[in-house]
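Descriptive analysis of the structure
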Amino acid sequence: MADQYHTNEEKILRDSHTKEIDLINRDPKLINEDVVKVDFEDVIAEPDGTHSLDGVWKASYTTFTVSKYWCYRLLTAIFGIPVSLLWGFLFACISFCHIWAVMPCIKSYLIEIQCLSRVYSLCIHTFCDPLFEALGKVFSGIKVVLRKEV
């Protein structure tokens, strides 16, 4: 029974670090849906009445598309792994700080403020409630009548 528990736990740990990546849909959460979708038509457009030669337009389209594609591929081949290493390190540091510093500080603050809130509540109920009840009784006898005189 204990061996089965450890193998399941090891499998879960192994799966979280070695999950398969989808090579087709590389943005499943649509993080960059509206940010970096730049096509030729988004950058270069010729209005009616101002058109270049069809051959120039087709060559420009092909040049833009191919150069963007290969430039991106080249940049990711050169910088993809080092930048991924930096981002992994940064997010590991952020996670570490959040788990080991931020959340304990917040929990500590909530525990301490709970004690202060009880004292504050006790003072309010002790001193302010009777005062406001007395003022309420004093002003409850006031009647306002509106008359329209012509």
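One numbering rule holds for all chains: residues counted from 1, following each sequence as written. Per-residue local features of the predicted model are confined to residues with pLDDT of at least 70, and side-chain atom pairs are confined, for both listing and counting, to 80 or more; whole-chain, interface and lining totals are unaffected and use all residues. Note that water and hydrogens are dropped before the side-chain values are worked out from all heavy atoms of the structure.

The name an unreviewed UniProt entry assigns to the protein chain is Caveolin, from the organism Scleropages formosus. UniProt positions are given in the numbering used here, feature names are shortened, and annotations may be inferred rather than shown by experiment. Here is the UniProt Sequence similarities (unreviewed entry) comment for the protein chain, exactly as written: "Belongs to the caveolin family."

1. Some remarks on the overall build of the protein chain
Each helix corresponds to a stretch of at least 4 residues labelled H or I by DSSP, and each strand to a stretch of at least 2 residues labelled E; elements are numbered beginning at the N terminus. When its secondary structure is counted, the protein chain shows three helices and zero strands. Ordered by position from N to C terminus, the α and β elements of the protein chain give α-α-α. Looking at the protein chain as a whole, 1% of its 150 residues are labelled buried. For every accessible area listed, the method is Shrake-Rupley and the probe measures 1.4 Å; residues are considered covered only by the protein chains on display. Working note: accessible area of the protein chain is about 14700 Å², and carbon and sulfur atoms make up 68% of it. With a 1.4 Å probe rolled over the protein chains alone, any residue whose accessible area is under 20% of its type maximum counts as buried; one over 50% counts as exposed, and the rest are partly exposed.

2. A closer look at a nonpolar patch on the surface
Each patch is built from residues lacking any salt bridge and having more than 30% relative accessible area; the joining distance is 9 Å for like charges and 5 Å for nonpolar side chains (Val, Leu, Ile, Met, Phe, Trp, Tyr). We count a salt bridge whenever a side-chain nitrogen from Lys or Arg sits within 4 Å of a carboxyl oxygen from Asp or Glu. On the surface, a nonpolar cluster with roughly 870 Å² of combined accessible area is contributed by Leu74, Leu75, Ile78, Phe79, Val83, Trp87, Leu90, Phe91 and Ile94. Position of Leu74 relative to the elements: it lies in helix α3 (residues 54–140).

3. Comments concerning the layout of surface pockets
The definitions used throughout rest on a 1 Å grid laid over the protein atoms alone, on which a cavity is an enclosed set of points accommodating a 1.4 Å probe that cannot get out and a pocket is an open set flanked by protein within 12 Å on both sides along at least five of seven lines; lining residues are those having an atom within 4 Å of a point. Grid points are joined across faces, edges and corners, and a volume is the space filled by probe spheres set on the points. Taken as a whole, the largest pocket holds about 1300 Å³ of empty space. What lines the largest pocket is a set of 25 residues, among which Arg26, Asp27, Asn32, Val36 and Tyr72 lie closest to the centre. Of the residues assigned to the lining of the largest pocket, the class counts are nine nonpolar, five polar and 11 charged. Within this model, the second largest pocket holds a volume of roughly 290 Å³. Around the second largest pocket sit Phe79, Gly80, Val83, Ser84, Trp87, Gly88 and Phe91, which together line it. Classes in brief: Ala, Val, Leu, Ile, Met, Phe, Trp, Tyr, Cys and Pro nonpolar; Asp, Glu, Lys and Arg charged; the others, Gly included, polar. Residues that form the lining of the second largest pocket fall into these classes: four nonpolar, three polar and no charged.

4. Brief notes about the packing of aromatic side chains
Working definition: a ring pair exists when centres of Phe, Tyr or Trp rings (six-membered ring for Trp) sit within 6.5 Å. Plane angles under 30 degrees give stacked, over 60 give edge-to-face, the rest tilted. All told, the structure shown has six aromatic pairs when counted by the stated rule. Judged by centre distance (5.4 Å) and plane angle (90°), the ring pair of Phe40 and Tyr61 falls under edge-to-face. Residue Phe40 is located in helix α2 (residues 40–43), and its partner Tyr61 is located in helix α3; the two are separated by 21 residues in the primary sequence. A relative accessible area of 2% places Phe40 in the buried class. Taken together, the aromatic side chains of Phe40, Trp57, Tyr61 and Phe64 make up a single cluster linked through ring pairs.

5. Observations regarding the UniProt feature "transmembrane region" (unreviewed entry) in the protein chain
Per the UniProt annotation, the sites labelled "transmembrane region" (unreviewed entry) are residues 74–101. Secondary structure across residues 74–101 comprises 100% helix and 0% strand; the distance between its end C-alpha atoms is 40 Å.

6. Let's talk about the state of the cysteines
Any two cysteine sulfur atoms lying within 2.5 Å of each other are counted as a disulfide. Applying the stated rule across the entire model yields zero disulfides. The structure places no disulfide on Cys93, whose sulfur is separated from the nearest cysteine sulfur, that of Cys97, by 6.6 Å.

7. Concerning the confidence of the model for the protein chain
pLDDT is defined as a per-residue confidence score from the predictor, taking values between 0 and 100. With 88% of its residues at a pLDDT of at least 70, the protein chain reaches an overall mean of 86. Across the protein chain, the element-wise mean pLDDT spans from 59 in helix α1 (residues 2–17) up to 94 in α3.

8. Regarding α3
Given a helix with a known number of residues, its expected span is that number minus one, times 1.5 Å. Between the first and last C-alpha of α3 there are merely 86 Å, a value that for 87 residues lags more than 12% behind the 129 Å anticipated at 1.5 Å per step. The angle separating two fitted axes, one through the seven residues that finish at a residue and one through the seven that start at it, defines the bend at that residue. A bend of about 55° at Phe79 is the largest found in α3, and the proline Pro82 appears one to four places after it.

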